[in-house]
Amino acid sequence: MKLYPFFFLLGMTSAGFSQITLDQSDMPVVGDNIPRKSDTMTVLQGPGGSGPNQTWNFTATSNFVISENTSVVSVASTPNGNQFGTSNMAMTTDNTNYLYFKNSAQSFSTQGFSGDLLGTGVINAVFTPDLTLHQFPRTYGSSFSDTYGINVTVPGQAINPLISQIQFKRSSLVKDTTDAWGLLTTPHGTYNVLRVHTMAISVDSIFALPIFPPTWSLVSTSSDTTHSYSWVGKGGKLAIAETSFDTLGMPNIFKWTELPGIGVGVEDNVEVALSVFPNPAQSTLTVTADSKWLGETITVVDVCGKIVHREIMTNTSTLLNVAHFSSGSYILHVGPLKSSWIKE
């Protein structure tokens, strides 16, 4: 029973290519509806590099992509919210199964889940203690460790008519490291992100209570170490992208968020938008801006701050030849406007 991928959540996006910081205001709130896509047979080969100024291009997908929508609802509106202590929000994709969360100025944590995950009836799995998903502020290089446990008992006869009850126990240590920052491109857009590496070391035990003799016995014990990566940024509510890995170390599911109005682009205090496309670009890049910026210099700067191209903007739509540029991330300036883009 793999539980940890359910908790692999929560991030955002913003303009400009720079190192960002996440805090409580970047988390979801009750009333949010967050559209996402999930590639269940991902063709990605790995999570990419760590460190500063990274670029990740995850635009390739398989033919097995499904849509989902995560709704953030009040705890009081859920059937079993009274089981989850100080949670101040819940999330669901089907209005049947729920994850419970607590958002504070110090951290964002999950307190457990409620739902019929095994087909044996509703399970209220309360984490003891809560599992921390974010400590604030989250910045590049920050890290923490946390533990959580689960102890649930379910009817056993749906699995074996001779079993009265089955008990599942989990003890887990989770290590969280913000190991990179840079530009992420998903099938939906390009984002300024922090990358989070999460390693979970879990020990699971299953006990059975037969109808006769009515004595609990240990059925199995197993241990597992899993690795997951998420890319988080300002304004995205959940992780902008996330991937988990199978026992062979290969990605098995890739998810991304498709909220409108998030991504890398013009700074918030600039009224007139600058558009650059396609992004990523291979041979040509189209630069579009309002006519008030005609006569300004188009300047392209690499991640080291070196100017690699300059020309005067003589039309509201200008075509740049970027075929000779090295692969990587660039910042394009037109007067006070700027936008980040990636050369493939």
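Only a predicted model underlies this, so the values are computations on that prediction, with no experimental measurement involved.

## Observations concerning the sheet that holds strand E16 (residues 297–302)
Pairing in this open sheet of four strands is antiparallel, and the strands run E17-E16-E19-E20 from one edge to the other. With one partner strand each, in any of the chains shown, strand E17 (307–312) and strand E20 (337–343) form the two edges of the open sheet. Along the sheet, successive strands turn relative to each other by an average axial angle of 20°, direction set aside. Strand direction decides the pairing type here: E16 and strand E19 (residues 328–334), joined by five bridges, are antiparallel.

## So, the sheet that holds strand E18 (residues 317–321)
Taken together, the three strands give an open sheet; going across it, the order is E14-E15-E18, and neighbouring strands pair in antiparallel fashion. Edge positions in the open sheet fall to strand E14 (275–277) and E18, since each of these has one partner strand only. Within this sheet the neighbouring strands show an average axis-to-axis angle of 20°, counted without direction. Bridge count for E14 against strand E15 (residues 284–288) is three bridges, and the pairing is antiparallel.

## Some words on unusual backbone geometry
Excluding glycine, a negative phi dihedral is what most residues carry, and trans is how most peptide bonds are arranged. The amide bond that connects Thr-128 to the next residue, Pro-129, takes the cis arrangement and shows omega of -5°. Structurally, Pro-129 can be placed in strand E7 (residues 123–135). Pro-213 follows Phe-212 through a cis peptide bond whose omega is -10°. Mapped onto the elements, Pro-213 comes out in the loop between strand E10 (189–210) and strand E11 (217–232).

## Looking at the environment of Ser-171
Its location among the elements puts Ser-171 in strand E9 (residues 163–186). Placed 131 residues apart in sequence, Ser-171 and Asp-302 show a C-alpha to C-alpha distance of 46 Å. When residues no more than four places from it in sequence are discounted, the contact partners of Ser-171 are Tyr-148, Ile-201, Ser-202 and Val-203.

## Here we look at the packing of aromatic side chains
All chains considered together, the criterion is met by 11 aromatic pairs. Their ring planes at 5° and their centres at 4.0 Å tell us that Phe-84 and Tyr-100 sit as a pair that is stacked. Of the two residues, Phe-84 is situated in the loop between strand E3 (65–73) and strand E4 (89–92) and Tyr-100 in strand E5 (residues 98–103); the sequence distance between them amounts to 16 residues. An identical accessibility class is assigned to Phe-84 and Tyr-100; each is buried. When the ring of Tyr-229 is compared with that of Phe-245, the centres are 5.8 Å apart and the planes differ by 75°; the resulting orientation is edge-to-face. With Tyr-229 in strand E11 and Phe-245 in strand E12 (residues 241–245), the pair connects residues that are 16 residues apart, well separated along the chain. On the accessibility criterion, Tyr-229 (13% relative accessible area) is buried. Under the relative-accessibility criterion, Phe-245 is labelled buried at 13%. Among the aromatic residues, those joined into a ring-pair cluster are Trp-56, Phe-58, Trp-231, Phe-254 and Trp-256.

## Focus on the pairing of strand E6 (residues 107–115)
Counted residue by residue, E6 has nine buried out of nine residues, so it is predominantly covered. Sheet topology places E5 next to E6; six bridges connect them, and they run antiparallel. Within E6, the position partnered with Leu-99 by the bridge is Phe-113. Joining the antiparallel neighbours E5 and E6 is a turn of three residues. Relative to E7, E6 is paired through eight bridges, and the arrangement is antiparallel. Counted as the bridge partner of Gly-112 is Val-126 from E7.

## Things to note about the confidence of the model for the protein
Per-residue confidence for the protein averages 86 on the pLDDT scale, and 91% of its residues sit at or above 70. Confidence over residues 1–17 falls short of pLDDT 50; this stretch has 99 contacts with residues more than four positions distant or in other chains.

What counts as what
- Residues numbered from 1 in each chain as written.
- Predicted model: local features only at pLDDT ≥ 70, side-chain atom pairs only at ≥ 80, totals over all residues.
- Heavy atoms only, no water.
- Pairing = 2+ DSSP bridges.
- Helix = DSSP H or I, 4+ residues; strand = E, 2+ residues; numbered from the N terminus.
- Axes fitted to C-alpha atoms, helices over the stretch in contact; angles between N-to-C directions.
- Contact = heavy atoms within 4.5 Å.
- Phe/Tyr/Trp six-rings, centres within 6.5 Å; stacked < 30°, edge-to-face > 60°.
- Buried < 20%, exposed > 50% of the residue type's maximum accessible area, 1.4 Å probe, protein only.
- pLDDT = per-residue confidence, 0-100.

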